Amino acid sequence: MSLVNWEDSAEESLSELISYKLPASKSGAIVSRRFAQWSPAGSNVYGPASGTRSMRFVLAGDQGFLLPDTLQLKCRAKAASGTNLASDIGLAACFVRYRCYVGGALLEDIQNYSRCVAMLNMLGPKEAAEDFSIMAGDAATDFPASGELVLSMPVISGLRYAQKALPLKSMGSLVLEFEITPTSTDFADAAWTLENPVLMCDLLEAPEAQSAIEKRILSGSSVPITLSTFFSTMSSITADSTVNISRNVLKLKRVFVSYANTSDSTVDAFRHPTGAFSFQCRISSKMIPENAIEDDTTAFYQLHKALGSHKDATRSINIDKAGYSGTKYLLCLSTEKLEGEPWSGVSLSNGDLVNLQVKNAGGVNFQYAVLEHEIVLSLGEVNEILQ
């Protein structure tokens, strides 16, 4: 077939430049949008030495649809004048664990939460990290003479990136728990407390959509909401080590691995191992990648590829060359059949282990591994978490 034949068979459409139509509205079912905030249940003072260690917010009732990407935690931090924040993730460094419950069922449980936030901050654009520091503070932030700082941070979790409004009434209740770090120096170089915390977000009022969901549930059907979440673990290692991770998940998307030594901050030190370091991951009989990673070029290539940055030059990450060879070193491997596609990850439901093998890892004592996997929140007569 000639090129002319191909050209004749191609469909033609009117250019957008000379097509004059009003855009289709997608907000017809939404009556209004409003700002809401919640206070925690129980105490109003939190800290590692004085105050309560667990900050718990209960969101319940017929209040409409919650937009999870607008969830923001605001606190009044108190410390002596001149006290300096210890981390570039500011307020997020206060929390060592995050848990989310829906209708009493555990949806997300992220250990080493502050380190996970720091990792995701590195993997986004530099501009996004700067925006984060404006709200949450950073290592250049000092407490003023008043001894008070008002700080806030987005609630980084799988729900934030679900891209679905959450029907609070159908969920029964949504509970967010933030566990305060026991190590005061994670957040600041002197004693501190968090006071008067509030959880802020936007709510949509859409009575027709709420009614449709209720009818669907009453008919015996369910409403599925898919999201990605994180499982984090830390292991002590020697120069030559093998770490096995057991986690029953249906779709494993990516594996993030980082290192630290005994003198490093557990929050944002991602130390580069010294020596002739090599790394490889094995799941069942499959090696990922097929050949061990033995140099920074290959490691950064695999990181870029797993994040999808190799497809789009505008999707830069907040790691420079000096940082990658110093304390911003991160390994990331994709376990998806087709990178970036939903439900294409490898299954661990048959008891397969994630086996991480390191050789000649000098200068580091701890290995942190984060497994990103997909789960489904199924809203029905009885809410279920499928993973």
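In the block above lies the structure referred to throughout.
Residues numbered from 1 in each chain as written. Predicted model: local features only at pLDDT ≥ 70, side-chain atom pairs only at ≥ 80, totals over all residues. Heavy atoms only, no water.

## Examining a nonpolar patch on the surface
Put simply, the rule is: Residues enter patches when their relative accessible area tops 30% and they take part in no salt bridge; the joining distance is 9 Å for like charges and 5 Å for the nonpolar side chains Val, Leu, Ile, Met, Phe, Trp and Tyr. Per-residue and other accessible areas follow the Shrake-Rupley method at a 1.4 Å probe size, with only the shown protein chains counted as cover for residues. The salt bridge criterion pairs a side-chain nitrogen of Lys or Arg with a carboxyl oxygen of Asp or Glu, the two atoms within 4 Å. The helix count covers DSSP runs of H or I at least four residues long, the strand count covers runs of E at least two residues long, and both are numbered beginning at the N terminus. Here the term buried applies to any residue with accessible area under 20% of the maximum for its type, exposed to any over 50%, and partly exposed to those in between, with areas from a 1.4 Å probe on protein chains only.
On the surface, a cluster of nonpolar side chains totalling about 550 Å² of accessible area is made up of Leu14, Leu17, Ile18 and Tyr20. Topologically, Leu17 is positioned in the loop between α1 (3–9) and β1 (32–38). The class of Leu17 is exposed, set by a relative accessible area of 74%.

## Remarks on the nonpolar core
Our working definition: Among buried residues, those of type Ala, Val, Leu, Ile, Met, Phe, Trp, Tyr and Cys that are joined through side-chain atoms within 4.5 Å constitute a nonpolar core. Here, residues are in contact when the closest pair of their heavy atoms is within 4.5 Å.
Counting 107 residues, the largest nonpolar core has Met55, Leu66, Leu73, Phe95, Leu174, Leu194 and Phe279 as the members making the most contacts within it. If we ignore the near neighbours within four places in the chain, the residues touching Met55 are Pro40, Tyr46, Leu73, Cys75, Phe95, Leu176, Glu177, Phe178, Ile180, Leu194 and Pro197.

## As for the pattern of salt bridges
For the structure shown, the criterion picks out 15 salt bridges. The shortest N-O distance in the salt bridge between Arg34 and Glu205 comes to 3.1 Å. With Arg34 in strand β1 and Glu205 in strand β10 (residues 192–205), the pair connects residues that are 171 residues apart, well separated along the chain. As a salt-bridge pair, Arg99 and Glu179 come within 3.5 Å of each other at their nearest N and O atoms.

## Describing helix α6 (residues 296–307)
For clarity, the cut-off: Expected helix span is computed as 1.5 Å times (number of residues minus one). The directions considered for the arc run from the helix axis to the C-beta atoms. A 3.5 Å cut-off defines polar contacts: any pair of N or O atoms within that distance qualifies, except that in protein one atom must be a possible hydrogen donor and the other a possible acceptor, and neighbouring residues in sequence count only when both atoms are side-chain atoms.
An ideal rise of 1.5 Å per residue puts 16 Å on 12 residues; α6 measures up with 16 Å between its terminal C-alpha atoms. Among the residues of α6, those classed as buried are Ala299, Gln302, Leu303, Ala306 and Leu307. With its buried residues spanning 125 degrees around the axis, α6 presents them on a single face. Contact partners of the buried residues in α6: α2 (113–123), β13 (251–260), β15 (286–293), α7 (321–324) and β16 (331–334). Its side-chain oxygen placed 3.3 Å from the backbone nitrogen of Thr297, Asp295 serves as the N-cap of α6. Positive phi shows up at Gly308, right after α6, with a value of about 80 degrees.

## Details of the pairing of strand β14 (residues 278–283)
Quick note on the threshold: Pairing between strands requires that DSSP locate at least two bridges from one strand to the other.
Here β14 lies mainly inside the structure; five of its six residues are buried. Across six bridges, the pairing between β14 and strand β17 (residues 354–359) is antiparallel. Bridge pairing links Ile283 to Val354 in β17. As paired strands, β14 and β15 are joined by four bridges and run antiparallel to one another.

## A word on the sheet that holds strand β5 (residues 95–102)
Spelled out, the test is: Between the N-to-C directions of two axes lies an angle of 0 to 180 degrees, each axis being a line fitted to C-alpha atoms and, for a helix, fitted only over the stretch in contact.
The sheet built from four strands is open, its strands ordered β3-β9-β5-β6 with antiparallel pairing. Strands at the two margins of the open sheet, each flanked by one partner only, are β3 (54–60) and β6 (105–111). Ignoring strand direction, the axes of neighbouring strands in this sheet form an average angle of 10 degrees. Here β5 runs beside strand β9 (residues 173–180); their pairing, made up of seven bridges, is antiparallel. Within β9, the position partnered with Phe95 by the bridge is Ile180.

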